[in-house]
Amino acid sequence: MPELPEVETVRSTLYNLILNRKIESIDVYYIKIIKDINVTEFIKRLVGKSIKDIKRYGKYLIFILDDVALISHLRMEGKYFIKEQSEVINKHEHIIFNFTDGSSLRYHDVRKFGTMDLRDLDKIYTTNPLLKLGLEPFDKLMTVKYLKSKLQKKEVAIKTCLLDQTIFTGLGNIYVDEVLFLSRLNPQLKASKLKDKDYQNIIKNAIEVLNKAIALGGTTIRSYTSSLGVTGLFQNELNVHTKKGEPCVICNTLIEKTRVNGRGTYYCPNCQK
DNA sequence: GTGACCACCTGGCCGC
DNA sequence: TGCGGCCAGGTGGTCA
């Protein structure tokens, strides 16, 4: 599924491909992707506008148009494709932005979980969905002090906390497993039990894992396959996620799979006690 | 305020 | 071969 590295890969690819293209028309085939605004208004606000910039915060893509921002979350299987308008519409392409040059940007989502919000440019970060987000690991304000303030009273598993986007933005199930492995922390350990050194390790390893994943174009496993012709390579660098029954790269103990808060969770029972 | 649980969705996989 | 059930999982909503 798209996490921060995959979304960043999509962002940078789209940036190079569709900047300054002008929207001529929009076809909406599944309206529930559009939030907080009706389809007519959604189309009205975007048609005639040009894409001036494409940003990212956490797992959200932010298309900056002339006077409005389109905030897109890919959720589980959302993808963007650029095709000629004459090409056949795939049954999973739910929203199509047709540009004046004859090309189109197509939002493809097999499971229809993705969302799109429109916001005024001066309200992008001061309204939801972005308002409630916590800090990315790259943020200067992401410190031991910040993380401790958020986690020291939490009586839930550390994995659950790291998946909480209001605390730690950008990590999803894959990368949380990897960060906890590198930090030698059991995913089921209560967050309140962590020490300063653990917070420091989590931040350091999150930055390391995400930077490496971004450099490799993200992770391509199971449901998250190539988007825009870009296929990530970080799956080759995974230590524990999807490695059930395989030997740990450090101690050779077999990787186990369990569930934490309903999420499939992979860990080394020896390294992550 | 916190934590647990469910709904949203569809394709793939497995057992019968 | 066909069918039913389960699983995958990010986020928002609801409830205790």
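Remember, predicted model here, so these are calculated numbers, not experimental data.

Undergrad: Explain the protein's contact with DNA strand C to me, using residue names and the numbers behind them.
TA: The immediate surroundings of DNA strand C are formed by 16 residues, with His73, Arg111, Phe113, Lys257 and Arg259 found nearest. A breakdown of the atoms of DNA strand C within 4 Å of the protein gives sugar and phosphate a share of 57%. Note that a phosphate oxygen of DNA strand C is positioned 2.7 Å from one of the side-chain N or O atoms of Lys132. In the model, a phosphate oxygen of DNA strand C is placed 2.7 Å from a nitrogen or oxygen of the Lys257 side chain. Taken together, the elements giving at least two residues each to the surface near DNA strand C come down to strand 9 (256–260) and strand 10 (263–267). Here the surface near DNA strand C is composed, by residue class, of four nonpolar, four polar and eight charged.

Undergrad: A description of the sheet that holds strand 6 (residues 93–99) should follow, citing residues and the corresponding values.
TA: The four strands are arranged 1-6-7-5 in an open sheet whose pairing can be described as antiparallel. The sheet terminates laterally at strand 1 (23–28) and strand 5 (78–84), the two strands that pair on one side only. When strand polarity is set aside, the average angle formed by the axes of neighbouring strands in this sheet is 20 degrees. Set on the sheet, helix 1 (residues 4–18) makes contact with strand 5, strand 6 and strand 7 (103–109); between it and strand 5 the angle comes to about 20 degrees. Sheet strands in contact with helix 2 (residues 39–46) are strand 1 and strand 6, and its direction is about 160 degrees off that of strand 1.

Undergrad: Break down a positive patch on the surface for me, citing the residues and quoting the values.
TA: A contiguous patch of positive charge on the surface is contributed by Lys32, Lys35, Arg75, Lys112 and Lys132. Tracing the backbone through its elements, the reader meets Lys32 in the loop between strand 1 and helix 2.

Undergrad: If you had to explain the protein's contact with DNA strand B to someone new, which residues and values would you point to?
TA: Contacts to DNA strand B come from 12 residues, most closely from Tyr30, Lys32, Lys112, Phe113 and Glu155. For DNA strand B, the backbone portion of the atoms within 4 Å of the protein, that is sugar and phosphate, comes to 72%. In this structure, Arg111 approaches DNA strand B through a side-chain N or O atom, which is 3.4 Å from a base oxygen. Here a phosphate oxygen of DNA strand B sits 2.9 Å away from a polar atom, N or O, in the main chain of Glu155.

Rules behind the numbers
- Residues numbered from 1 in each chain as written.
- Chains lettered and ligands numbered in written order.
- Predicted model: local features only at pLDDT ≥ 70, side-chain atom pairs only at ≥ 80, totals over all residues.
- Heavy atoms only, no water.
- Near = heavy atom within 4 Å.
- Polar contact = N/O pair within 3.5 Å; in protein donor to acceptor, adjacent residues only side chain to side chain.
- Helix = DSSP H or I, 4+ residues; strand = E, 2+ residues; numbered from the N terminus.
- Nonpolar A, V, L, I, M, F, W, Y, C, P; charged D, E, K, R; others polar.
- Pairing = 2+ DSSP bridges.
- Axes fitted to C-alpha atoms, helices over the stretch in contact; angles between N-to-C directions.
- Contact = heavy atoms within 4.5 Å.
- Patch = residues over 30% accessible without salt bridge, like charges linked within 9 Å, V, L, I, M, F, W, Y side chains within 5 Å.
- Areas by Shrake-Rupley, 256 points an atom, 1.4 Å probe, with all protein chains shown as cover.
- Salt bridge = Lys/Arg side-chain N within 4 Å of Asp/Glu carboxyl O.
- Lys, Arg positive; Asp, Glu negative; His and termini not counted.
- Charge placed at Lys NZ, Arg CZ, Asp CG, Glu CD.

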